[in-house]
Amino acid sequence: GHETVLSHIIRLVEDAQAAKAPIQRLVDKVSEIFVPVVLLVALITLVVWMVQAVPFETALIHAVAVLVIACPCALGLATPVAIMAGTGVAAKHGILIKDAQALEIAHRVQTVAFDKTGTLTVGQPRLIQQVGVVGEQESTLLMWAASVQSGSEHPLARAVVKAATAQGLSLQTPQALQAVPGKGVQAVVGGRHMSLGSLRWLQEEGLDAAQWQEDIAQLQSQGATLSALAERTEAGLQGLLLMAFGDEPKPGAAQALSALRARGLKLVMISGDNQAAADAMAYRLGLRPQEGAVRANVLPGDKAAQVKKLREGDGHGPRVVAMVG
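Note that the coordinates shown come from a computational prediction; the quantities given were computed from them, not determined experimentally.

Draft legend 1. Structural view of unusual backbone geometry. The backbone of A53 shows a phi angle near 65°, a positive value even though the residue is not glycine. Relative to the assigned elements, A53 resides in the loop between helix 2 (22–51) and helix 3 (56–70). Among the residues examined, A53 registers a relative accessible area of 68% and is labelled exposed. The backbone of A176 shows a phi angle near 50°, a positive value even though the residue is not glycine. Tracing the backbone shows A176 in strand 3 (residues 175–180). In this structure A176 comes out as exposed when scored by relative accessible area, which is 62%.

Spelled out as structure tokens, the structure:
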């Protein structure tokens, strides 16, 4: 039971509540000096009153009064109590705070970076258009594309498989399947060596996309996400099928972004999409691509580098950045 997701969540909350925030460490340092001083002053008070020949009870009451009033109990207790209360209330609202330092830094956030797919968008893209190569049936090409991606959990892969299933196409089991992280997938289907992934990756691998140039420009201007299916032959990569996908903004995303901007926060969307498609979705969400609010063509492994750039302030001084994804 201790390895369940719920147990991990409980441990995260407990660890956060037990951790010391930077401000609490500062308070502890102050208390290390302040408490002994107060104890010493209380002792001096006791001695001074006793020297004046007052009853011991009176001298003791004055010494205790010094302790009660001067000892920084509130100083030492306020921070841990605030952390306990804050993390507890957050957990009830589904927010897990990993450590006390994150809780303390959160109010100083200046820039918020967002993933696009599944965070600002619904994350359920649909295959909205396909352009096949001359001489091949589009249904056959779609079957190959779906077969290559039949085992993938990627949102675009699921959209292709769903479109093929809707047409009643029978998928083949891909052989020698190999995923290329952040770029695409390679497999053998029906004895043919297929590569399916982003246009950028396939062009880097040698694909000539001149046959689709007009289609690419038109679809990108409409905000579509593009990928392609190509076959590896002795003559190099040969394009077979251009696919365009459309997604919808997540309900409430635009309002949330507007509320954050009203607080004076800088908002940035980081996407693996091409620049035109990312810009089109950004405009629908109310972001401002003209002000640098969109970072496109970013591979998953490069997102940390983008966050680092944002932390460095792009040359305008360091900033505190939150990443939502």
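What follows picks up the thread again.
Draft legend 2. The pairing of strand 7 (residues 236–246), seen in detail. Within strand 7, 9 of the 11 residues are buried, leaving the element largely enclosed by the surrounding structure. With 6 bridges joining them, strand 2 (residues 126–132) and strand 7 adopt antiparallel strand pairing. Bridge pairing in strand 7 places Q129 opposite A244. Across 9 bridges, strand 6 (residues 225–233) lies against strand 7 in antiparallel orientation. When the bridges of strand 7 are listed, T233 appears paired with G236. From the end of strand 6 to the start of strand 7, which pair antiparallel, there are 2 residues.

Draft legend 3. The packing of helix 6 (residues 138–148) against helix 7 (residues 155–166), seen in detail. Running from N to C, helix 6 and helix 7 cross one another at 135°; their axes reach a closest spacing of 9 Å. On the basis of the axis angle, helix 6 is oblique to helix 7. Judged by the twist between their axes, the crossing of helix 6 over helix 7 is left-handed. Taken together, the residues of helix 7 that come into contact with helix 6 (itself represented by L142, A145 and A146) are V160, V161, A163 and A164.

Draft legend 4. Geometry of the sheet that holds strand 1 (residues 111–115). Strand order in this open sheet of 4 strands is 9-8-1-10, and the pairing throughout is parallel. Edge positions in the sheet fall to strand 9 (294–295) and strand 10 (321–324), since each has one partner strand and no second. The pairing of strand 1 with strand 10 spans 4 bridges and is classified as parallel. Within the sheet, the bridge partner assigned to T111 lies in strand 10 and is V321.

Rules behind the numbers
- Residues numbered from 1 in each chain as written.
- Predicted model: local features only at pLDDT ≥ 70, side-chain atom pairs only at ≥ 80, totals over all residues.
- Heavy atoms only, no water.
- Helix = DSSP H or I, 4+ residues; strand = E, 2+ residues; numbered from the N terminus.
- Buried < 20%, exposed > 50% of the residue type's maximum accessible area, 1.4 Å probe, protein only.
- Pairing = 2+ DSSP bridges.
- Axes fitted to C-alpha atoms, helices over the stretch in contact; angles between N-to-C directions.
- Parallel < 35°, antiparallel > 145°, perpendicular 65-115°, else oblique.
- Left-handed = near helix turned anticlockwise from the far one by under 90°.
- Contact = heavy atoms within 4.5 Å.

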